[in-house]
Amino acid sequence: MTKKPDYARYGRRRLMKGAGLAGLAGLAGCIGTGDPEGGSGGGDGSDGSDGSEGSDGSNSSGDDNGDGGGSMASEIDVWGWDVAARALTISAEEYESENDATVSVEEFGRSAMKDRLQTNLLSGSGAPAVSMLESVDGPSFIDTGSVAPLTDEIEEAGIREDFVSGKWEALTVDGDIYALPWDTGPTAVYYRRSVYDEHDIDPDSIETWADFIEEGQKLPDEQYMLNLPEGDLSGVWRYQFRQLSGEPFLESGEVNIHNEKSLRVARNIKEIYDADIAANIEGWTAAWFSAYGDATIASLPSAAWMEGTLRAELPDTAGDWGVFKIPALESGGPRASNWGGSNLMIADQVSDEEKARGWDYMEYSLATEEMQLAMYDEYGLFPALETVYDEPVFDEELDFYDGQAARALFAEVAQESPGYRFTADTPEVSQAIETELQRMINGEQSPEEAIQAAAETVAENTDRDLA
Amino acid sequence: MATSDETDDRIGQGYRRRVRMKIRTATRQSRRAMRPVWDRVRFARQDLTAATPTLPRVAYLFIAPFFLLFSVFLAFPVFYTLYLSFFEYQGVGQGSLFWIDLGPVYIEIPQIAQLNFVGLGNYARLLGNDLFWQSMFNTSYILVIQVPLMIGLALALALALNASFLRLKGVFRTAIALPVSANLVAYSTVFLLLFNEQLGFLNYVLAGVGIGPVPWLTDGFWARNTIIAAVTWRWTGYNMIILLAGLQTIPQQLYEAAEIDGANRWEKFRYVTLPQLKPVMLFVVVLSTIGTFKLFAEPYVITGGGPTNSTITIVQYIYRQAFVNFNLGYASALTVVFVAVVSVFSVVQIKIGGED
Amino acid sequence: MREQRRKDAVWRFLTYAFVITMVVVMMVPLYWMLVAATLPQEQFLQFPPRLIPGTAFLDNFAALQERLDFVRTIRNSVLIAVVYTLLSLVLCSMAGFAFAKYEFKFKEPIFYTILATLVLPIQLLVIPLFLLMAQLDWTNTFRAIILPWAANPIGIFLMRQNMKSIPDALLESARMDGATEFQIFYRIALPTMRSSLAALAIILFLFQWDLFLYPLVILETADMYTIPIGLAQLTGFQRIYYDQIMVAATLAIVPMVVLFLVLQKQFVSGILAGSLKE
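Within each chain, residue numbers correspond to sequence positions counted from 1 in written order. To read the labels, note that chains go from A and ligands from 1, taken in the order they are written. Whole-chain, interface and lining totals are the exception, using all residues; otherwise, since this is a predicted model, local features are given only for residues with pLDDT of at least 70 and side-chain atom pairs are given and counted only at 80 or more. Only hydrogens and water are set aside; all other atoms, that is, all heavy atoms of the structure, feed into the side-chain values.

As annotated in an unreviewed UniProt entry, chain B is Binding-protein-dependent transport systems inner membrane component from Halorubrum lacusprofundi. UniProt positions are given in the numbering used here, feature names are shortened, and annotations may be inferred rather than shown by experiment. Recorded in UniProt under Subcellular location (unreviewed entry), the annotation for chain B is "Cell membrane". Within the UniProt record for chain B, the comment given under Sequence similarities (unreviewed entry) is "Belongs to the binding-protein-dependent transport system permease family."

By the naming in an unreviewed UniProt entry, chain A is Extracellular solute-binding protein family 1, taken from Halorubrum lacusprofundi.

Below, the structure written as structure tokens:
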């Protein structure tokens, strides 16, 4: 046996042994699972493994003078997209001048922002204090547990009744409210006055979709009465379904999109297509803008926020528009629905101070009439704050609509619009309806089959029962 | 603590020496008792060393950077995805999974997600899901047409641009390869405009030749073709560049030798070019196959997966499940299956491609 | 003879016709993009589409620059892509050489594993990668984008395939002359791979140039954004700024063109001519 140098023979082994023992002893006191007592718990607000959606600090009491009570962060980030983000800069500026804080609003492209926000929420870091949340996404996001509940703050501020009642349902899960409503999308049909006049179409005589189709036949072949792109059938279905106060899921959770109301909507959509009065151009594409720009398409069933887009993109058409309420599905039926609308939410992972500041800012921007009006005025975001509707500005006769007091109409619709039970499975519903209704339009199946198939797909994919 | 051959006789250290002797004796005695055990451990260790293969050091060094980077960055995401595929995602995690507090250093591993173990549930689900199979079908359909088409074109172009008689090679080369640098958002917008059924340029031109308006984006069959056209447009130049580079490593002498033997153009191509080009061709085929399997951006932006799900690709389906439906566990399972299938396919391609 | 010449002439004509047709097909959408970049938004949305460029390029660019500091965005993209390409060229050629010219245990399985990483769709890797970067505190840095794929499997694969064609005799004779492996790699293998390295440079640059989802999540402040992210900012929901998008996209092509031009000289034929002296 070769004699190795002593240190090699004994030293190495002893070193390893010693290190191992020392390490174990040392680490035993320093390692643990669950939460360290008195440890810093990270800068992210996730404390306590009690499995609840995350608690918010007790100091986020949303006093509106920013001092006293718990402390608030002096700097927060706010994320939004498009005109909405720009609208927020208005309130951010005002807020900054009245409070000693910095509110940095970042504007993103919509799908880019969603991708990034989701990644940040799901991985627990990087999310801003305040971010935009569309109602349709509400329950999906809330379900992940990464959104901070605001029930206490809202109650304390007593502002629940100030908002249009239809907004709250999408933001409430298990009795807790998770976001503050911002704008809403009361539906209406925008129409080109010159085209209607030319072909003797009287918007006041349109009460039902049948009327609408009939009037649409008056247009020549190259002109269309409306646009019904195959790419957004789920949106169309949803607002009409909602118009009838349909709920996609029962309160007990069963899938309900194959009921009588849904059938009426599906049939209606089919009728519109069969009447050959609809163009099939995908929304927001250059072709779409072009078609509305030169009045190839005469009407645009949409919501209040569309005004902003029309003003910005088709300025030459100003003064040629009018609005009337969405046609009812049958005589005497409801004519109010909602399409779109966003809210502001607070990410659960941010510190309590940031949450406090975030809430303060949110309340300032969304729950004060002044700010909501400013945002509406500048960017066309229709406030969900009901109290604002009494303002004289709502009765103003607008040039864009050739003197019609369009705001008053929207306000009326907003108040009449029923709520809607969005859930975390709403994307499944949208995807299924989209697919099946497309097949229906291609003639592959009847409306009954379409909604039945859609309901079955959703039930299967979400492990729910059919109602 | 190692034994020292030197003894130190200075006063004051005599005491220390005596202590050391005592310790040494004690440990030696215990060591003697433990010897059989130590011996066994030592023999085992030596056996293990003999059994592990030795890589030639150089080759190992050459590929080390890849493994270093991979293990640091990509290993965790890969294993996490694999792990996640056996669970159902419930929501973000609360509290921490694990913490280490060493005074100045504090490391906390947060609990990333609340998970519900479902075993192979996700896998069973994907097997039974219509949309999954539809996306597999779409992807395969596009693949089968697009890849041969594109490679055929790329090869033809590469050969053309390698021809000795061709002038303006640089200009042509750059012009054909340029589409690859077009940003996705921009060129999909352009394609949406060009292929629009009523207002698009393409139908405008076709109408001039008497062909009726083609429903490029509204009909399932045509939508797939639109995607094929977009992808081919974008990547042909790219593959052409690669093939061109491959062509240029073929020694000129081989061609000269063939000419001396009286070979004509076709024979030269078949007996010199093709065999020499085989490795690069294989690369282009495998790469294009994988790339088209992974197709996501074009269907996402141009057709949105429709109409009636006729262009939704697998990766698009995965994205939807992960980012829209928040079904991270299911999306992970889909990813695992996807990677497995495509990897096997690629390996088969390589083996068939005649690896020596 | 005459017939041969006629056949040649026909062949040449066909070749030119083919190439020129393809060039036209490739350039039409790009030309359209350029035209769109020079038109104000309203004119762009016309039908029948306008084919003559307008004069609004600078206006559109000014608007673009105001919205996002696009010059900086280009700088970021170029910086990241260049550093990445250089780093990756080295790592990939080394690894490719090893796979092509050496025999070692587990060579096949290792190679196939590398290939498998090529298949990984990035969508699902984004969340765990982001987690990792957040732990390392590397969010909003360029190194977080450059490093993970620095040893790019595409590159390794390409280099392996190309280096297979290096005659072993060449390497053997160098070994016999006493060269070390690194010298063989650096002085013999690499120079013969000029056009392949050029192709690889383009591949790597493009790979990094195009990365969208991952940088979107990692880069947090506007001064760090890369071009794809910048362009995504312009696609809002109610307003899509076509004119600015087109300007941005047109400008984004310029670095790639520069790259092509720089690498032109490398696409030279017959480098191995005369190296086989038998």
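There is more to say after this.
Peer 1: Please explain the overall build of chain A as it appears in this structure.
Peer 2: For chain A, the helix and strand inventory stands at 17 helices and 13 strands. Counting every position in chain A, which comprises 467 residues, the buried fraction comes to 58%. Here the contacts in chain A between residues at least 6 apart in sequence split such that 76% fall between residues at least 24 apart. Accessible area for chain A stands at about 17900 Å²; split by element, carbon and sulfur atoms hold 44% of it. Strands here mean DSSP runs of E at least two residues long; helices mean DSSP runs of H or I at least four residues long; both are numbered from the N terminus. Only protein chains enter the accessibility calculation, which uses a 1.4 Å probe. A residue is then buried if its area is under 20% of the maximum for its type, exposed if over 50%, and partly exposed in between. The criterion used for residue contact is that any of the two residues' heavy atoms lie within 4.5 Å. Accessible surface area values rest on a Shrake-Rupley calculation with a 1.4 Å probe, where residue burial reflects the displayed protein chains alone.

Peer 1: Is there a simple way to explain the packing of aromatic side chains in this structure?
Peer 2: Aromatic rings in a pair are described by how distant their centres are and how their planes are angled relative to each other. Aromatic pairing here means that ring centres of Phe, Tyr or Trp (its six-membered ring) are within 6.5 Å. Orientation follows from the plane angle: under 30 degrees is stacked, over 60 is edge-to-face, and everything else is tilted. Counting across every chain of the model gives 59 aromatic pairs over all chains. Judged by centre distance (5.5 Å) and plane angle (45 degrees), the rings of Y191 of chain A and F324 of chain A are tilted. Of this pair, Y191 of chain A sits in strand β8 (residues 187–192) while F324 of chain A sits in strand β12 (residues 321–324), placing them 133 residues apart in sequence. Residue classification places Y191 of chain A among the buried residues on the basis of a relative accessible area of 7%. Here the aromatic rings of F296 of chain B and Y300 of chain B are separated by 4.9 Å at their centres, their planes lie at 20 degrees, and the arrangement is stacked. Overall, F296 of chain B belongs to the buried group, its relative accessible area being 14%. Members of the aromatic cluster, connected to one another through ring pairs, are Y190, W321, Y376, F382, Y389, F394, F400, Y401 and F410 of chain A. Its guanidinium or amino end placed over the ring of W79 of chain A, R116 of chain A lies 5.5 Å from that ring's centre, counting from NZ or CZ. Over a ring means this: the NZ of a Lys or the CZ of an Arg is within 6 Å of the ring centre and within 35 degrees of the ring normal.

Peer 1: Help me out: how do you make sense of the side chain of Q372 of chain A in this one?
Peer 2: Residue and element names in this part refer to chain A. Turning to its location among the elements, Q372 is positioned in helix α14 (residues 369–379). Looking at Q372, its side chain comes within polar contact range of the main-chain oxygen of L366, at 3.0 Å. When sequence neighbours within four positions are dropped, the list of residues in contact with Q372 reads F163, P181, W182, S365, L366, P383, A384, L385 and V388. Under the rule applied, a polar contact is a pair of N or O atoms within 3.5 Å (in protein, one hydrogen donor and one hydrogen acceptor; residues adjacent in sequence only if both atoms are side-chain atoms).

Peer 1: So what exactly am I meant to see when it comes to the sheet that holds β8 of chain A here?
Peer 2: Backbone-to-backbone hydrogen bonds pair the strands of a sheet. The strands run either parallel or antiparallel. Residue and element names in this part refer to chain A. Only strands that DSSP links by at least two bridges are regarded as paired with each other. Taken in spatial order, the 3 strands make up an open sheet running β11-β8-β12, and their pairing is antiparallel. Looking at strand neighbours, the two that pair on one side only are β11 (299–303) and β12, the edges of this open sheet. Sheet twist, expressed as the average angle between the axes of neighbouring strands with direction ignored, equals 30 degrees. Pairing of β8 with β11, which is carried by 5 bridges, proceeds in the antiparallel orientation. Directly across from T187, in β11, lies its bridge partner A303. The sheet strands contacting helix α11 (residues 286–293) are β8, β11 and β12, and the helix crosses β11 at an angle near 120 degrees. Axis definition: a line fitted to C-alpha atoms, limited for helices to the stretch in contact. Angles are taken between N-to-C directions and run from 0 to 180 degrees.

Peer 1: Would you mind showing me how to read the interface of chain C and chain B here?
Peer 2: The parts lose accessible area when they come together, and the size of an interface is often stated as this lost area. Across the boundary between the two partners, chain C contributes 105 residues, which contact 101 residues of chain B. A simple way to read buried area is as the amount of 1.4 Å-probe accessible surface that goes missing from two parts once joined, with both sides added. For the pair chain C and chain B, the two sides together bury roughly 9100 Å², of which 79% comes from carbon and sulfur. A per-residue breakdown of the area chain C buries against chain B is headed by M26, V119 and L124 of chain C, which together make up 8% of the total. A side-chain nitrogen of Lys or Arg and a carboxyl oxygen of Asp or Glu constitute a salt bridge if their distance falls within 4 Å. Between the two partners, chain C and chain B, sit 2 salt bridges. Ionic pairing is found between D210 of chain C and R234 of chain B, a salt bridge with its closest N-O pair at 3.4 Å. Connecting chain C to chain B are 7 residue pairs in polar contact (both at pLDDT 80 or more). Classes in brief: Ala, Val, Leu, Ile, Met, Phe, Trp, Tyr, Cys and Pro nonpolar; Asp, Glu, Lys and Arg charged; the others, Gly included, polar. Taken together, the residues of the side of chain C that touches chain B sort by class into 81 nonpolar, 15 polar and 9 charged.

Peer 1: How should I be thinking about the packing of helix α3 (residues 121–128) of chain B against helix α13 (residues 328–352) of chain B in this particular structure?
Peer 2: The relative placement of two packed helices is expressed as an angle between their axes plus a distance between the axes. All names here are of chain B. Direction vectors running N to C along α3 and α13 enclose 70 degrees, while the axes themselves pass 9 Å from each other. Taken together, the axis directions place α3 and α13 in an arrangement best described as roughly perpendicular. Residues N122, Y123, R125 and L126 of α3 touch α13, and the partners they reach there are G329, Y330, A333, L334, V336 and V337. A class-by-class count of the residues in the contact of α3 with α13 yields 7 nonpolar, 2 polar and 1 charged. For classification purposes, an angle smaller than 35 degrees is called roughly parallel, one larger than 145 roughly antiparallel, one from 65 to 115 roughly perpendicular, and anything else oblique.

Peer 1: Sorry, what's going on with helix α5 (residues 107–119) of chain C here?
Peer 2: Each α-helix turn comprises 3.6 residues. Residues three or four places apart therefore point the same way. To estimate the expected span of a helix, count its residues, drop one, and scale the result by 1.5 Å. The terminal C-alpha atoms of α5 of chain C, which comprises 13 residues, lie 19 Å apart, in line with the 18 Å expected from a rise of 1.5 Å per residue. Among the residues making up α5 of chain C, those that are buried are K107, I110, F111, Y112, I114, L115, T117, L118 and V119 of chain C.

Peer 1: I keep staring at the confidence of the model for chain B and nothing clicks. Help me out?
Peer 2: Predicted coordinates in areas of low pLDDT are best not read in detail. All names here are of chain B. pLDDT is a per-residue confidence score from the predictor, ranging from 0 to 100. For chain B, the average pLDDT comes to 81, and 85% of its residues sit at 70 or higher. Mean pLDDT values over the elements of chain B span from 64, in strand β3 (residues 105–110), up to 93, in helix α4 (residues 130–162). Low confidence marks residues 1–9, where pLDDT is under 50. Its contacts with residues over four positions away, or in another chain, come to 7 contacts. Every residue in residues 51–55 is under pLDDT 50, and counting partners more than four places away or in other chains gives 5 contacts. If you check the scores for this complex, the pTM reads 0.80 and the ipTM reads 0.83.

Peer 1: Before we go on, may I ask you to explain the domain arrangement of chain B in this structure?
Peer 2: Residues and elements named next belong to chain B. An automatic or database domain assignment supplies the residue ranges for each domain. Each domain of chain B was delimited in the assignment, giving domain 1 (71–118) and domain 2 (126–354). For domain 1 versus domain 2, the distance between C-alpha centres works out to 37 Å. Contact residues are listed per partner, giving 6 residues for domain 1 and 8 residues for domain 2. Carbon and sulfur atoms supply 78% of the area that domain 1 and domain 2 bury against each other, a total of about 540 Å² over both sides. Looking at the side of domain 1 facing domain 2, the largest losses of area belong to T81, S85 and Y89, adding up to 68% of the total buried there. Applying the counting criterion to the domain 1 and domain 2 interface returns 0 residue pairs in polar contact (both at pLDDT 80 or more). No other element matches helix α2 (residues 57–84), which puts 3 residues into the side of domain 1 that touches domain 2.

Peer 1: Where do I start with the packing of helix α10 (residues 265–293) of chain B against helix α8 (residues 153–163) of chain C in this structure?
Peer 2: Contact geometry for α10 of chain B and α8 of chain C: axes closest at 8 Å, N-to-C directions at 160 degrees. Overall, the two elements α10 of chain B and α8 of chain C adopt an arrangement that is roughly antiparallel. The crossing of α10 of chain B and α8 of chain C is right-handed. Facing P279, V280, L282, F283, V286 and L287 of chain B of α10 of chain B, the residues of α8 of chain C in contact are I154, F157, L158, Q161 and N162 of chain C. Grouping the amino acids of the contact of α10 of chain B with α8 of chain C by side-chain chemistry returns 9 nonpolar, 2 polar and no charged. We call a crossing left-handed when the near helix sits turned anticlockwise from the far one by less than a right angle, and right-handed when that turn is clockwise.

Peer 1: Teacher, can you tell me more about the environment of A249 of chain C here?
Peer 2: Note that A249 of chain C resides in helix α14 (residues 242–263). Judged by its relative accessible area of 0%, A249 of chain C falls in the buried class. Residues A249 of chain C and A37 of chain C, spaced 212 residues apart in sequence, show a C-alpha to C-alpha distance of 8.5 Å. Beyond its immediate chain neighbours, meaning those up to four positions away, A249 of chain C contacts N183 and A186 of chain B together with M33 and L231 of chain C.

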